[in-house]
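# Summary of structural features
One letter stands for each residue in the lines below.
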Amino acid sequence: MERIKTLTETTYQETQEHGGCGECQTSCQCGIANQACEN
Amino acid sequence: MIHQYKMNGYNIVVDVFSASVHVTDDLAYDAIHLLDTGMGEEEAEKALRKQHPEASDEDIRDTFLDIQELIKANKLFSKDVYQKAAGYLKQQSTVVKALCLLVAHTCNLNCSYCFASQGKFHGDAGLMSFETGKRALDFLIENSGNRRNLEVDFFGGEPLVNFDVCKQLVAYARSIEKQHNKNFRFTLTTNGVNVTDEVIEWANKECYNVVLSLDGRKEVNDRFRVDKAGHGSYDKIVPNFQKFVKARGDKNYYMRGTYSHYNTDFTKDIFHMADDLGFTELSMEPVVTDPSSPSALTEEDLPILYEQYEILAKDMLRRERDGKPITFYHYMIDLEHGPCIYKRVSGCGSGTEYMAVTAWGDLYPCHQFVSDPEYKLGDIWHGVTNTKLRDEFKECNVYSRPDCQNCWARLYCAGGCAANALHSTGDIHGTYEYGCKLFRKRMECALMMKVAEAEMAESKAASEDAE
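The rules we used
- Residues numbered from 1 in each chain as written.
- Chains lettered and ligands numbered in written order.
- Predicted model: local features only at pLDDT ≥ 70, side-chain atom pairs only at ≥ 80, totals over all residues.
- Heavy atoms only, no water.
- Helix = DSSP H or I, 4+ residues; strand = E, 2+ residues; numbered from the N terminus.
- Contact = heavy atoms within 4.5 Å.
- Buried area = accessible area lost by both parts, 1.4 Å probe.
- Salt bridge = Lys/Arg side-chain N within 4 Å of Asp/Glu carboxyl O.
- Polar contact = N/O pair within 3.5 Å; in protein donor to acceptor, adjacent residues only side chain to side chain.
- Nonpolar A, V, L, I, M, F, W, Y, C, P; charged D, E, K, R; others polar.
- Pairing = 2+ DSSP bridges.
- Phe/Tyr/Trp six-rings, centres within 6.5 Å; stacked < 30°, edge-to-face > 60°.
- Buried < 20%, exposed > 50% of the residue type's maximum accessible area, 1.4 Å probe, protein only.
- Lys NZ or Arg CZ within 6 Å of the ring centre and 35° of its normal.
- Domains from an automatic or database assignment.

Residues and elements named next belong to chain B. Within the secondary structure layout, W360 lies in the loop between β11 (354–357) and β12 (362–364). When the C-alpha atoms of W360 and I304 are compared, they prove to be 43 Å apart, with 56 residues separating the residues in sequence. When sequence neighbours within four positions are dropped, the list of residues in contact with W360 reads H105, D124, A125, G126, T132 and W381.

The structure is reproduced here in structure tokens:
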């Protein structure tokens, strides 16, 4: 197996520039992690 | 901050502040752990040699080189740089984008564990009038600023007890949404008793999502979910739900169950709903109740619940391999297109951009605060008059909760539920620790599933290449 395999490409830092539109669904813990960003 | 754990044969490393998820071999897993204890690289190399005498010098050197590359790329041991983002969404001019309409403070069931005291919210029974509901929708439009997507939940009590008003309110919203450049998304949460052909047709046309309450196996569901005469609801509601879901086609729905101390083997309820009843979109939530209640979950239950969540994750992977997947809401995680960091630090928006409206037009931070006069925000005619309370909710984020500061999962949960925090600690800035423990376990399972799914996709691609 590979020594270290990274599953993710996007980082939170990258969403800091373009995020914050507020159009995503209200979430009730369901839970923040499961919603895809609408934009 | 990082979080390391082993599950289902995988070594998983989560980098908390970058969102990076790594799968490693044993050597890298232990090397990362040594660095995480605060060791310098030289010291860690020595310690790793002791732990892994079978590893060659080259392997050990390469392992640390790989780790250094990830650190340089800000994908391992990355720093927390998001404190400024906390409150960004809420410090903007206050907009409201979602309302929970409590159209019925009454219910045709009599569930003993109901947080809303059988729909009456510890107060008088009553139904929302069309005029009150209409004013609530106008209030939402007036206060929504430039937000286009507006959400309205029909909730109760049992909203279908007041179905005519639900229909009238949707018709009213549809008649005005275009002129205001808004897109109303309605959802319905129902116990299933009053689900008729007319309800199904209306909901499938108008409701973006429906939440159908069912606790799983008949004996489990009928322990709590009973009618006024004490009769279980299972035989009545299951055929209604099956008809509803079948007619719904590919539109959103999910079965929403509650598990308690009486059914800590809750995966059996999930599998019953999937295998015996044909539902594929599923959610089972831990009961939140007075710790002295016999149905309350206990510390002794935790290891059992942890095991149940792992059983569920592994079984869901099996179903995926068999081509018959099911969805469990807490395991839906989008690693690439999930919410932005602003959303992740600021949470659900209760009390600021999301509010509950009672049948009489009073505003509360969410449906779980209704009936507590201390938490009344105002009403739909005068707006939010208790601005001090709204400001307190504006400050609700992962940085305002001391207990979250050492939690690896905080950017997946955004600080948790303010209502649960209030009920368990007396403070909306507290945390409901029992819920946190279950949340962290669910996230470990969800991330493990992502690792396994990536592996499945890889081996599928490899076998296609070989052909």
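Structure shown, so let's carry the discussion forward.
Taken together, the contact pairs 66 residues of chain B with 34 residues of chain A. For the chain B and chain A pair, buried surface summed over both sides reaches about 4,500 Å², with 53% attributable to carbon and sulfur atoms. For the pair chain B and chain A, the interface holds three salt bridges. Its salt-bridge partner being R3 of chain A, residue D59 of chain B comes within 3.5 Å of it at the nearest N-O pair. Counting every contact that joins chain B to chain A gives 17 residue pairs in polar contact (both at pLDDT 80 or more). Elements with a minimum of two residues in the side of chain B that touches chain A: β3 (21–24), α1 (26–36), α3 (57–72), α4 (88–91), β5 (149–156), α12 (341–346), α14 (410–413) and α16 (433–466) of chain B. Tallied by class, residues from the side of chain B that touches chain A come to 34 nonpolar, 15 polar and 17 charged. Relative to β3 of chain B, strand β1 (residues 4–6) of chain A is paired through three bridges, and the arrangement is antiparallel. The residue bridging I4 of chain A from the neighbouring strand is T24 of chain B, located in β3 of chain B.

A few words on the packing of aromatic side chains. Residues and elements named next belong to chain B. Under the criterion given, the structure shown has 16 aromatic pairs over all chains. When the centroid spacing of 4.8 Å and the interplanar angle of 75° are considered together, the rings of F328 and Y331 count as edge-to-face. Given the relative accessible area of 2%, F328 is considered buried. With 6.3 Å between their ring centres and 85° between their planes, Y375 and F393 make a pair best called edge-to-face. You can see Y375 sitting in the loop between β12 and β13 (378–379) and its partner F393 sitting in helix α13 (residues 387–394), a full 18 residues away along the chain. The same class applies to Y375 and to F393, which are both buried. Through pairs of rings, three or more aromatic residues link up here, namely F154, F163, F184, F186 and W202. One residue, R185, lies across the ring of Y208, its end atom 4.9 Å from the ring centre. The ring centre of Y262 lies 3.9 Å from the NZ or CZ of R223, which sits over that ring.

With that settled, consider the pairing of strand β1 (residues 2–7) of chain B. Residues and elements named next belong to chain B. Burial of β1 is extensive: five of the six residues sit out of reach of the surface. In terms of strand pairing, β1 meets strand β2 (residues 10–15) through six bridges, oriented antiparallel. By the bridge assignment for β2, H3 is matched with V14. Here β1 folds back onto β2 in antiparallel fashion, the turn holding two residues, of which N8 has a positive phi close to 55°.

Here the focus is the domain arrangement of chain B. Accessible area lost upon the coming together of the parts is a frequently used measure of interface size. Residues and elements named next belong to chain B. The domain architecture assigned to chain B consists of domain 1 (2–81) and domain 2 (95–467). A separation of 38 Å is found between the C-alpha centroids of domain 1 and domain 2. Opposite the twelve residues of domain 1 that make contact, domain 2 presents 18 residues. Between domain 1 and domain 2 lies a buried interface of about 1,400 Å² when both sides are counted; carbon and sulfur atoms form 68% of it.

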